[in-house]
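# Structural overview
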Amino acid sequence: MSGSSRIVAVLGPTNTGKTHYAIERMLGYRTGVIGLPLRLLAREVYDKIVAIRGPSVVALVTGEERIVPPRTQYWVCTVEAMPEGMGADFVAIDEIQLCADPERGHVFTDRLLRSRGTNETLFLGSDTMRGPIAALVPEAQFVRRERMSQLVYAGSKKISRMPPRSAIVGFSVDSVYAIAELLRRQKGGAAVVMGALSPRTRNAQVELYQNGEVDYLVATDAIGMGLNLDVNHVAFSSLSKFDGRRMRPLAPNELAQIAGRAGRGMSDGTFGVTGEAPPLDEGVAQAIMDSRFTPMKKLNWRNAALRFGSIDALIESLEVSPNDEHLIKARPADDLNVLKSLSQVTEIAARASDPQSIRLLWDVCRIPDFRGISHAEHASLLEVIYGHLHERGSIPDDFMARQIRRIDRTDGDIDALSKRLAYIRTWTYVAQRNGWVRDESHWRDETRTVEDRLSDALHDRLTQRFVDRRTSVLLRRLKQKEALLAEVNDKGEVTVEGEFVGRLEGFRFSPDKSAQGTEAKALKSASLQALAPQFHLRADRFYNAPDTEIDFTDQGGLMWGEYAVGKLVAGAEPLKPMVEVFVDEAAGPEVEQKVQRRLQHFIDRKVAALFEPLLNLSRDEELSGLAKGFAFRMVEALGVLPRAGVAQEVKDLDQDARGALRKHGIRFGQFTIFMPLLLKPAPTRLRLVLWALANGLQEFPEAPPPGLVTVPVAKDAPEGYDTMCGYRDAGERSIRIDMLERLADMLRAEDSRGGFEAKPDMLSITGMTLEQFADLMKGLGYNAERGEREKVKPAPAEQPTAEAIEQSAAEETPAPEAATEEVATSAEASAEATESTEAVAEAPAADEPEIEVFYTFTWGRQRQATRGPRREPRQGQGKGKPRGKPQDGRGKPQGKKGGKPQGAKSFSSRPPKKEKAIDPDNPFAAALMGLKDGN
């Protein structure tokens, strides 16, 4: 190009506005070309120019993308794809310091030496290029631009303490993914930017960061090449990288290129290290802050004057050494290595026999190795492509369709999608080459569509894996101090801004358990702020809810439906429990007080309803003296008192006192003093809870199932548990105290000294077998003597005659005596059925008598006022006299009701006891008085 054009090298550190300056200069001309180092940056600049001038005059040309309107004025290209010989008014090369890059440096050096605009040429880059540019382009002018903001070294920071709006740099895919995963768990997520991403994926990821959905960016060194992001801090996770051949430490100027992304515009930035990266040397850190680096002396170069006479001539021309001291021969690039490999293939060598075929071979060899599988695999693919192009002049449509169809799948993980994107880039590159496919427009659209589809899928996978959208959305809204919209469905599931965050259980928020660590804290903080209005609405609804929606548990919990909203705690008195509410602090004191009042109202009403007889007893002001004291004991014991513990108090009560207490429903039983109304299941359940609270139990015992007369004795139960349940322990089982009193009434009629057997009614009310009943009686203080005897079978009934049947049928109703006999027969049948349960299992032989088991019960303790039936000694039984009853031949006691002899009289040596006054409140008082007067 003409050497008369103005050539300017605009040099300086990052954030000096060099690229922006070049765009302004180019738009001042009618035509222009700008070469950029990355496909990603080319797309960014293209979008900026389109926004200013419109898409009809702006072209985008990269290896895999070609947008060329008919009236193109401005060309935005990657450096490798810059068109030659266009004669544009303006030409700019960005990041010119890449002339020293081992892999791509020769391309940038070629543009430095040969690309010129007819009016103006700009070279943009680091100040380290001043020497080589001055030596190789003597006519160039230099403009130094200073950084618009300060860059400060911040030392080492843990990833967990990384400040918001930070970019963390890794130099491998694995390290980038590992850092992003850590940030997701601790900070809510991170965007991922790598050079291997398609522009569409990269832009979508950058958008996540730029719009504040995430505060962290994890990237490779690709961000150092002019990508303009709002980054405040750059942290290096490593200070070395693999350059394609070996791991090497990064030079200070390379670190500065990346660190300079922090603090865009007039905003200051910081840089540092994190992870396993050691702290920067003080001198290196200072050099980065001052932008002072060792000047470049040698630039990579490869001969551009290629000879296409033969493959060997082409290879030889590519390996020519430079003749300038500022240039060094570039190491063999991938394209040269592939050319050498294909030249050894006989078929390729035969095809490439003329300059046109050799030029085509060289163009095919310059297809980048996007897949990165292996050199041999890449060479094999290019061999196939060259064969099609040379033989047919283009790649067959069916071949292209097969290759694209295999790649066009969006299933799989991040790695699978990344590989498919790399594969489709090869065919995108092929479709962009003029003349390589028959229908260029169709295949460019086809490959672009597949790439976009894969890019979107990859963006989704990256976001799903490395971004917790829920947390990031909430944090962004919190940071912007916007009101958060929370919704709670009928299942208690809470969504904030459409994101599921947890459950509202009563008045406590339970965050989603999948969130952990810092994420969980942020989630709960944001959720509680959004839930504030919901707490108030729920509290109002709860306060107006009927008592039927509220209940207490056997452990003292207070439930509103399925949600725990509080618990009972001990109050000053057993019948006055207090309430402790379960309300999140974020709900506020107003909600807490409202819930507290409602629950207190509920339990107060529940106690008043279930313990009404007991409360009436406690409020009876007419009670006085011993009756008042005994009433206090009953209230304190929640309506159930074992008689043994208050024997003396009961004995001291006169008939008037007892009558006053009986008016309140108190029953003075032989074993227990109780209120029958309080033995129902509902009062019993609440009594156990109140008793457990008053006694400070950590674990509350549960009430027995309702409706059972006896239950197994609860092992390891607290003392007094059976009484509070309305039962009394006796042997291996506990018997309900009201049924025990009925049994005591039956036992009172028996001869407990001489001995008696269990009656069918006794077994019936207890629902026990004879063996179980014997164990029960032992528990009540009786001796149970087991015996066996021959079972007496009832005499067989005579077959009725026909006359008897007719006479029976003629009678409409049975005589009273007959009815009595039927009942007696029924009772005998019941007794026989009971006895049969204890009989020997095997039926005896016909000639052997059937044996039955029976028990004889006698009182086995010292006679006490409240334990066991009290009877006067029988006639003829004194000291030294035998107590046994006369037995008949079958071993049964003689006589009825314990074998008392017919017509026997009882005598006593005691003086006659003073008769007690008849209780006027006794319902039989009038009859008793009449009998007394009659005597």
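If you're wondering where the values come from, they're calculated on a predicted model, not measured in any experiment. (Residues numbered from 1 in each chain as written. Predicted model: local features only at pLDDT ≥ 70, side-chain atom pairs only at ≥ 80, totals over all residues. Heavy atoms only, no water.)

This next bit is on the nonpolar core. Counting residues in hydrophobic clusters, the biggest one holds 67 residues, and the most contacted among them are Phe507, Leu617, Phe630 and Leu661. Leave out the neighbours within four places in its chain, and Phe507 touches Phe535, Arg538, Ala539, Phe542, Trp560, Val565, Phe582, Val583, Asp584, Val591 and Val595. Within the second largest apolar cluster, 62 residues are counted, among which are Leu183, Phe308, Ile315 and Phe399. (Core = buried A, V, L, I, M, F, W, Y, C linked by side-chain atoms within 4.5 Å. Buried < 20%, exposed > 50% of the residue type's maximum accessible area, 1.4 Å probe, protein only. Contact = heavy atoms within 4.5 Å.)

The contact between helix H2 (residues 39–53) and helix H6 (residues 199–210) brings their axes to 10 Å, and the two run at 70°. Judged by the inter-axis angle, H2 sits roughly perpendicular to H6. Considering only the axes of H2 and H6, their crossing is right-handed. Taken together, the residues of H6 that come into contact with H2 (itself represented by Arg39, Leu40, Arg43 and Glu44) are Pro199, Arg202 and Asn203. (Axes fitted to C-alpha atoms, helices over the stretch in contact; angles between N-to-C directions. Helix = DSSP H or I, 4+ residues; strand = E, 2+ residues; numbered from the N terminus. Parallel < 35°, antiparallel > 145°, perpendicular 65-115°, else oblique. Left-handed = near helix turned anticlockwise from the far one by under 90°.)

The next subject is the environment of Gln593. Along the chain, Gln593 turns up in helix H19 (residues 589–610). When the C-alpha atoms of Gln593 and Val583 are compared, they prove to be 9.6 Å apart, with 10 residues separating the residues in sequence.

What the three strands build is an open sheet, ordered S30-S32-S31; its pairing is antiparallel. Here the strands that pair on one side only, and so sit at the sheet edges, are strand S30 (710–712) and strand S31 (727–730). For this sheet the average axis-to-axis angle between neighbouring strands, irrespective of direction, equals 30°. Where S30 meets strand S32 (residues 733–736), three bridges bridge the pair, whose relative direction is antiparallel. Residue pairing across strands places Thr710 opposite Ile735, the latter belonging to S32. Against the sheet, helix H26 (residues 737–748) contacts S31 and S32, and its axis sits at roughly 85° relative to S32. (Pairing = 2+ DSSP bridges.)

Right, let's talk about helix H24 (residues 681–694) for a bit. Under the 1.5 Å per step criterion, the end-to-end length of H24 is 20 Å for 14 residues, consistent within 8% with the ideal 20 Å. By the criterion of burial, H24 is predominantly enclosed, with 10 of the 14 residues buried. Every buried residue of H24 is listed here: Pro683, Thr684, Leu686, Arg687, Leu688, Val689, Leu690, Trp691, Ala692 and Leu693. The inward-facing, buried residues of H24 contact strand S23 (550–552), strand S25 (563–569), H19, strand S27 (640–642) and helix H25 (721–724). (Expected span 1.5 Å × (residues − 1).)

Turning our eyes to something else, we now look at the pairing of strand S22 (residues 508–511). Two strands pair when backbone bridges link them, and strand S21 (residues 499–505) and S22 are joined in this way by four bridges, in the antiparallel orientation. What sits directly across from Leu504, in S22, is Phe509. Counting the residues between successive antiparallel strands, the hairpin from S21 to S22 contains two residues, one of them, Gly506, with a positive phi of roughly 70°.

Turning our attention to the pattern of salt bridges. Considering all chains together, one arrives at 54 salt bridges under this definition. Taking the shortest distance from any N to any O, the salt bridge between Arg351 and Glu391 comes out at 3.5 Å. Taken as a pair, Arg351 in helix H11 (residues 346–351) and Glu391 in helix H13 (residues 375–392) lie far apart in primary sequence, 40 residues in all. Overall, the relative accessible area of 53% leaves Glu391 in the exposed class. Glu580 serves as the salt-bridge partner of Lys567, at 3.9 Å between the closest nitrogen and oxygen. Taken together, the residues Lys567 in strand S25 and Glu580 in strand S26 (residues 578–581) connect sequence positions 13 residues apart. Each of Arg39, Glu64, Arg425 and Glu451 takes part in a single network of salt bridges with overlapping partners. (Salt bridge = Lys/Arg side-chain N within 4 Å of Asp/Glu carboxyl O.)

Here we come to the confidence of the model for the chain. Here the chain averages 83 in pLDDT, while 82% of its residues score no lower than 70. A low-confidence stretch, residues 808–843 stays under pLDDT 50, and its non-local contacts, those more than four residues away or across chains, total 15 contacts. Counting contacts from residues 921–928, a segment whose pLDDT is below 50, to residues more than four positions away or on other chains yields seven contacts. (pLDDT = per-residue confidence, 0-100.)

With that out of the way, let us pick up a negative patch on the surface. On the surface, a cluster of negative charge is made up of Asp397, Asp439, Asp445 and Glu446. Among the structural elements, Asp439 can be located in the loop between helix H15 (414–432) and helix H16 (440–466). Of the residues examined, Asp439 reaches a relative accessible area of 39% and is grouped as partly exposed. (Patch = residues over 30% accessible without salt bridge, like charges linked within 9 Å, V, L, I, M, F, W, Y side chains within 5 Å. Areas by Shrake-Rupley, 256 points an atom, 1.4 Å probe, with all protein chains shown as cover. Lys, Arg positive; Asp, Glu negative; His and termini not counted. Charge placed at Lys NZ, Arg CZ, Asp CG, Glu CD.)

A complete count under the given rule lists 14 aromatic pairs for this structure. Site record: aromatic cluster; members linked through ring pairs are Phe756, Phe773, Tyr782, Tyr855, Phe857 and Trp859. Lying over the aromatic face of Tyr209, Arg165 brings its terminal NZ or CZ to 3.8 Å of the ring centre. The positively charged end of Arg789 is found above the aromatic ring belonging to Phe854, 4.0 Å away from the centroid. (Phe/Tyr/Trp six-rings, centres within 6.5 Å; stacked < 30°, edge-to-face > 60°. Lys NZ or Arg CZ within 6 Å of the ring centre and 35° of its normal.)

As a further point, take the side chain of Thr426. Turning to its location among the elements, Thr426 is positioned in helix H15. What Thr426 contacts, discounting residues up to four positions off in sequence, is Ile367, Phe370, Arg371 and Leu381.

Take the packing of helix H9 (residues 311–318) against helix H10 (residues 334–343) next. Running from N to C, H9 and H10 cross one another at 155°; their axes reach a closest spacing of 11 Å. Regarding the angle of H9 to H10, the classification is roughly antiparallel. Between H9 and H10 lies a crossing whose hand is left-handed. From H9, Ile311, Leu314, Ile315 and Leu318 reach across to H10, where they touch Leu336, Leu339, Lys340 and Ser343.

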